[in-house]
Amino acid sequence: MRANTFVSPGKTRVERVPDPKILNDQDAIVRITSTAICGSDLHLYNGFIPTVEPGDIFGHEFMGEVVEVGKGTRKVKKGDRVVVAFPIACGSCYQCGRQMYSCCENSNPNAWIAEKLMGHSPAGVFGYSHMMGGFAGGQAEYARVPFADVGTIKVPDGMTDEQVLFLSDIFPTGYMGAEMCDIKPGDVIAVWGCGPVGLFAMASAYLLGAERVIGIDRVEARLRVAREKVKAETINYEEHDVYRTLMEMTGGRGPDSVIDAVGMEAHGSTAMFLVDRVKQGLMLENDRPNVLRDAIMCCRSGGTVSVVGVYSGLIDKFPMGSVMNRSLRIMTGQCHVQRYMKPLLERIRKGEIDPTFLITHRANLDDAPAMYRTFRDKQDECIKVVLKP
Ligand SMILES: [Zn+2]
Ligand SMILES: [Zn+2]
């Protein structure tokens, strides 16, 4: 089959690789019909995530048709059209029992590497480094899906790929970001980052009853989508002082909750040079390391700081004094996608939200290397790329 594979930082290549095979009874093989490039794929692409090796297949947002199932599967059947959740979860461990699927204790065969960096290992993730399990990703013609009964949702007839594809990650991730804010009527929610996850966090904040939603970014095309498609108010941080503007907009108190949908380009290595490289790279890029700090400072006292942007290691100058003295609540986590797929599919089916609004680019899998560049450089007003194998 063809697959988009890592070559070196800033470079992927579509190569012929062996087709995936059933390895465990609970596996399914999915013939991929749609797959997307995620902002978090750029952390891999840019070389900031340790344990990514040449030849690794990227992609954790995908869907398609089940073409083969292991003999231990009960729910998933050959011929089903399914969306696949990005965290791989067994469905039966302590964490899965609490619906904390992205913390599954059984799905990362390389847990020992993650334990060294984080104390405990999170769940395995498709196409997201050897530290996260070394699973082949979904920017390919086929993928092996472990624990297929737990990690897939069947798509009802009549719904298009583009309507449901983002149930694999960014819609649930944005939704969880908003849900963690425990939104009350009248709440004002400020969201840093108007990329795909930020846009879904904003839309979800409205779905959950927020009165005002404010999106913060510097890319005008993205701010425009936030205004026009999500009906958010926006702040361009290159033109306006974010703190002062937010205080003016909220009578001096600050937003009730703040969402960091930016994250930081991976500080997660044991090697200090990697950390330095990251810092250097980010300083050239923009103020990204400041997002979490800014969000904390802007949040009203007693409010919630919700973090769905990806962090993988240590961060500097964390304003713990502001958090502690002002009774802030920090909520975070890789999305427990399996928890949200069914209720969010229902919301899409009922027309409460149309997730296709952020798709700007559609291309063939063969164009993946070029699309990575377009997406990384935010060329051509790129927000979200969908690839068709
Ligand atoms: Zn993603
Ligand atoms: Zn589990």
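Residues numbered from 1 in each chain as written. Chains lettered and ligands numbered in written order. Predicted model: local features only at pLDDT ≥ 70, side-chain atom pairs only at ≥ 80, totals over all residues. Heavy atoms only, no water.

- Identification of the chain as Formaldehyde dismutase from Aquisphaera giovannonii is taken from an unreviewed UniProt entry.
- Its UniProt record gives the chain the following Cofactor (unreviewed entry) comment, quoted word for word: "Zn(2+)". (UniProt positions renumbered as here; feature names shortened; annotations may be inferred.)

## A few points about the overall build of the chain
Here comes step 1: Along the backbone of the chain there are 14 helices and 17 strands.
Here comes step 2: On C-alpha atoms alone, the chain measures out to a radius of gyration of 20 Å, which is about the 21 Å that the 2.2 N^0.38 rule sets for 389 residues.
Here comes step 3: Counting only C-alpha atoms and orienting by the principal axes, one finds that the chain spans roughly 60 × 50 × 45 Å.
Here comes step 4: Within the chain, buried positions represent 58% of all 389 residues.
Here comes step 5: Sequence-distant contacts, at least 24 apart, represent 72% of the contacts inside the chain between residues at least 6 apart.
Here comes step 6: Carbon together with sulfur atoms contributes 50% to the accessible area of the chain, which is approximately 16200 Å² in total.
Here comes step 7: Of the side-chain charges in the chain, 45 are positive and 47 negative, and the distance between the mean point of each set is 3 Å. (Helix = DSSP H or I, 4+ residues; strand = E, 2+ residues; numbered from the N terminus. Rg over C-alpha atoms; globule rule 2.2 N^0.38 Å. Buried < 20%, exposed > 50% of the residue type's maximum accessible area, 1.4 Å probe, protein only. Contact = heavy atoms within 4.5 Å. Areas by Shrake-Rupley, 256 points an atom, 1.4 Å probe, with all protein chains shown as cover. Lys, Arg positive; Asp, Glu negative; His and termini not counted. Charge placed at Lys NZ, Arg CZ, Asp CG, Glu CD.)

## A word on the side chain of Gln139
Here comes step 1: Examined against the element boundaries, Gln139 turns out to sit in the loop between β7 (124-125) and β8 (142-145).
Here comes step 2: Relative accessible area serves as the criterion here: at 0%, Gln139 is assigned to the buried category.
Here comes step 3: At 3.2 Å, the side chain of Gln139 and the backbone oxygen of Ala36 are in polar contact.
Here comes step 4: If sequence neighbours within four positions are ignored, Gln139 has contacts with Ala3, Asn4, Thr35, Ala36, Ile37, Asp41, Ile57, Phe58, Gly59, Leu365, Tyr372 and Leu387. (Polar contact = N/O pair within 3.5 Å; in protein donor to acceptor, adjacent residues only side chain to side chain.)

## Looking at the packing of helix α6 (residues 170-179) against helix α13 (residues 337-349)
The packing of two helices is summarised by the inter-axis angle and the distance between the axes.
Here comes step 1: The N-to-C vectors of α6 and α13 enclose an angle of 100°; their axes lie 9 Å apart at closest approach. Between α6 and α13, the interaxial angle falls into the category roughly perpendicular. Of α13, the residues touching α6 (which contributes Phe171, Pro172, Tyr175, Met176 and Glu179) are Val337, Arg339, Tyr340, Leu344, Arg347 and Ile348.
Here comes step 2: Partitioned by chemical class, the residues of the contact of α6 with α13 number eight nonpolar, no polar and three charged. (Axes fitted to C-alpha atoms, helices over the stretch in contact; angles between N-to-C directions. Parallel < 35°, antiparallel > 145°, perpendicular 65-115°, else oblique. Nonpolar A, V, L, I, M, F, W, Y, C, P; charged D, E, K, R; others polar.)

## Description of the domain arrangement of the chain
Here comes step 1: Taken as a whole, the chain is organised into domain 1 (2-168 + 335-387) and domain 2 (171-332).
Here comes step 2: Inter-centroid distance (C-alpha atoms) of domain 1 to domain 2 is 25 Å.
Here comes step 3: On the side of domain 2, 31 residues touch domain 1, which itself brings 32 residues to the contact.
Here comes step 4: With both chains or domains summed, domain 1 and domain 2 bury close to 2900 Å², and 71% of this area falls on carbon and sulfur atoms.
Here comes step 5: Counting every contact that joins domain 1 to domain 2 gives one salt bridge.
Here comes step 6: A salt bridge links Arg224 to Glu381, with the shortest nitrogen-to-oxygen separation between them at 2.9 Å.
Here comes step 7: In this structure, the connection of domain 1 to domain 2 is made through five residue pairs in polar contact (both at pLDDT 80 or more).
Here comes step 8: Elements represented by at least two residues in the side of domain 1 that touches domain 2 include exactly α1 (39-45), α3 (111-118) and α13.
Here comes step 9: Top element by residues in the side of domain 1 that touches domain 2 is α13. It accounts for six residues.
Here comes step 10: Residues belonging to the side of domain 1 that touches domain 2 are distributed by class as follows: 21 nonpolar, five polar and six charged. (Domains from an automatic or database assignment. Buried area = accessible area lost by both parts, 1.4 Å probe. Salt bridge = Lys/Arg side-chain N within 4 Å of Asp/Glu carboxyl O.)

## Points about the coordination of the zinc ion (ligand 1)
Here comes step 1: Here the zinc ion (ligand 1) is held by Cys38 (SG), His60 (NE2), Glu61 (OE) and Asp169 (OD), and the distances to it run 1.8 to 2.2 Å.
Here comes step 2: Here the zinc ion (ligand 1) is ringed by four donor atoms whose angles at the metal span 91 to 130°, and the overall shape comes out tetrahedral.
Here comes step 3: Judged by relative accessible area, which is 2%, His60 ranks as buried. (Donors = N, O, S within 2.8 Å, 3.2 Å for Na, K, Ca; no water. Tetrahedral: all angles 85-135°; square planar, octahedral: opposite > 155°, others 65-115°.)

## Some remarks on the nonpolar core
Here comes step 1: By size, the foremost hydrophobic cluster in this structure holds 74 residues, and its most contacted members are Phe166, Phe171, Leu199 and Met202.
Here comes step 2: Sorting elements by how many residues they give to this core places helix α7 (residues 196-207) first, with seven residues.
Here comes step 3: Both domains that meet at this core, namely domain 1 (2-168 + 335-387) and domain 2 (171-332), each give it at least three residues.
Here comes step 4: Those residues in contact with Phe166 that lie beyond four places of it in its chain are Ala36, Phe171, Pro172, Phe200, Pro355, Leu358, Ile359, Lys384 and Val386. (Core = buried A, V, L, I, M, F, W, Y, C linked by side-chain atoms within 4.5 Å.)

## Thoughts on helix α8 (residues 220-228)
Here comes step 1: Among the residues making up α8, those that are buried are Ala221, Arg222, Leu223, Val225 and Ala226.
Here comes step 2: On its buried face, α8 sits against α7, β11 (212-217), β12 (233-236) and α14 (368-376).

## What about unusual backbone geometry?
Here comes step 1: Although it is not a glycine, Asp380 sits at a positive phi angle of roughly 55°.
Here comes step 2: In this structure, Asp380 sits in the loop between α14 and β17 (385-388).
Here comes step 3: One non-glycine residue, Glu381, adopts positive backbone phi at about 55°.
Here comes step 4: Of note, Glu381 is situated in the loop between α14 and β17.

## Comments concerning a nonpolar patch on the surface
Here comes step 1: Together, Ile315, Phe318, Met320, Met324 and Ile330 make up a nonpolar patch on the protein surface, roughly 450 Å² of accessible area in all.
Here comes step 2: Within the secondary structure layout, Met324 lies in helix α12 (residues 320-325).
Here comes step 3: Take Met324: its relative accessible area is 59%, and that puts it in the exposed class. (Patch = residues over 30% accessible without salt bridge, like charges linked within 9 Å, V, L, I, M, F, W, Y side chains within 5 Å.)

## Details of the sheet that holds strand β13 (residues 257-260)
Here comes step 1: Taken together, the six strands give an open sheet; going across it, the order is β12-β11-β10-β13-β14-β15, and neighbouring strands pair in parallel fashion. Only two strands of the sheet have a single partner each, and these edge strands are β12 and β15 (329-332). Adjacent strand axes in the sheet meet at a mean angle of 20° when their direction is disregarded.
Here comes step 2: In this structure, strand β10 (residues 188-192) lies alongside β13, joined through four bridges in parallel fashion. Bridging across to β13, Ile189 finds its partner in Ser257. (Pairing = 2+ DSSP bridges.)

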